[in-house]
Amino acid sequence: MGRVIAIANQKGGVGKTTTAVNIAASIAISEFKTLLIDIDPQANATSGFGIETGDEIDNTFYQVMVKGGNIHDAIKQSSLEYLDVLPSNVNLVGMEVELVNMREREYVMQKALKGVRSLYDYIIIDCPPSLGLITLNSLTAADSVLIPVQAEYYALEGLGKLLNTISIVRKHLNPKIEIEGVLVTMYDSRLRLATQVAEEVKKFFKEKVYRTYIRRNVRLSEAPSHGKPALLYDAQSIGSKDYLDLAQEIFERDGNIKKFKVWQR
């Protein structure tokens, strides 16, 4: 049964989609069967793998969630052997409204994933920068939440709302959900502020903070415009190394480090 990890933070610009794309690629390149689900109407995780995002595309996450489409028909093979993508497009903009009148609306995604969980080792969900019904669906379906936090002044701003939402989901919808980990992104060791913010994040979240920080790297910014994760755009870049290190931490916590070390050789 695949582990479902939602990548969420209602604050925009924290490196959420960059993390979703690159951690999915890092896990897949380690030969774990991976599914990346894009539930953001901006569809940046979809285009980040060079997959078409036009509104004329028939099979997307929208069709699965709202129209009752077959999830297997919507999943696309990426350029990486072990990675599939469930794409998004602009049609998701109206999905919040369409979900409102649905029966058991918070469980739509959980039900949709039942047909594919056994096919993957990891399922990564790229959530939109909000705490609406789409994100709520992903938290109800997920085993855990990975929270990216940028190393900037307002790093902890608004996180209370996310933590409160996770607490409510755990109490009423998904008692098994946990915080997978907290990831410091956009880190620049040359800046005193970045170091101070990282320390504050560690004080707040303690052992949940990953050892790996995602450093500021121009290759991470350039890769999406080429429709590739950083690993395929520039495998030697700092960004690629950081996300591979993050994957290793995730494997360690899951007890999968042996397989990862075999691949590293």
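See the structure above.
Structural notes, computed from the coordinates. (Residues numbered from 1 in each chain as written. Predicted model: local features only at pLDDT ≥ 70, side-chain atom pairs only at ≥ 80, totals over all residues. Heavy atoms only, no water.)

**Some details on the packing of helix α1 (residues 16-29) against helix α12 (residues 238-254)**
Quick reminder of the rule: Interaxial angles span 0 to 180 degrees and are taken between N-to-C directions of axes, which are lines fitted to C-alpha atoms, for helices over the stretch in contact. The secondary structure listing takes helices from DSSP runs of H or I that are at least 4 residues long and strands from runs of E that are at least 2 residues long, numbered from the N terminus. For classification purposes, angles smaller than 35 degrees are called roughly parallel, those larger than 145 roughly antiparallel, those between 65 and 115 roughly perpendicular, and all remaining angles oblique. Each crossing gets its handedness from the near helix: less than a right angle anticlockwise from the far helix is left-handed, clockwise is right-handed. Residue contacts are defined here by distance: any two heavy atoms, one from each residue, within 4.5 Å place the two residues in contact. Ten residue types, Ala, Val, Leu, Ile, Met, Phe, Trp, Tyr, Cys and Pro, are classed as nonpolar, four, Asp, Glu, Lys and Arg, as charged, and the remainder, Gly among them, as polar.
At a minimum axis distance of 9 Å, the contact between α1 and α12 shows a crossing angle of 70°. One element, α1, and the other, α12, form an angle in the roughly perpendicular class. The chirality of how α1 crosses α12 is right-handed. Residue-level contacts link T18, T19, N22, I23, S26, I27 and I29 of α1 to Y243, L244, L246, A247, I250 and F251 of α12. The residue makeup of the contact of α1 with α12, split by class, is nine nonpolar, four polar and no charged.

**Considerations on the pairing of strand β5 (residues 122-126)**
Definition in use: The classification of residues rests on relative accessible area computed with a 1.4 Å probe and restricted to protein chains. Under 20% of the type maximum is buried, over 50% is exposed, and intermediate values are partly exposed. For two strands to pair, DSSP has to find at least two bridges joining them.
Taking burial as the measure, the five residues of β5 include five buried ones, the bulk of the element. Of the two faces of β5, the one lined by Y122, I124 and D126 and the one lined by I123 and I125 are each fully buried. Two elements, strand β1 (residues 3-7) and β5, share five bridges in a ladder whose sense is parallel. Bridging across to β5, R3 finds its partner in Y122. As defined by bridge partners, strand β2 (residues 34-38) adjoins β5 across five bridges and the pair is classed as parallel. Note on β5: the bridge partner recorded for T34 is Y122.

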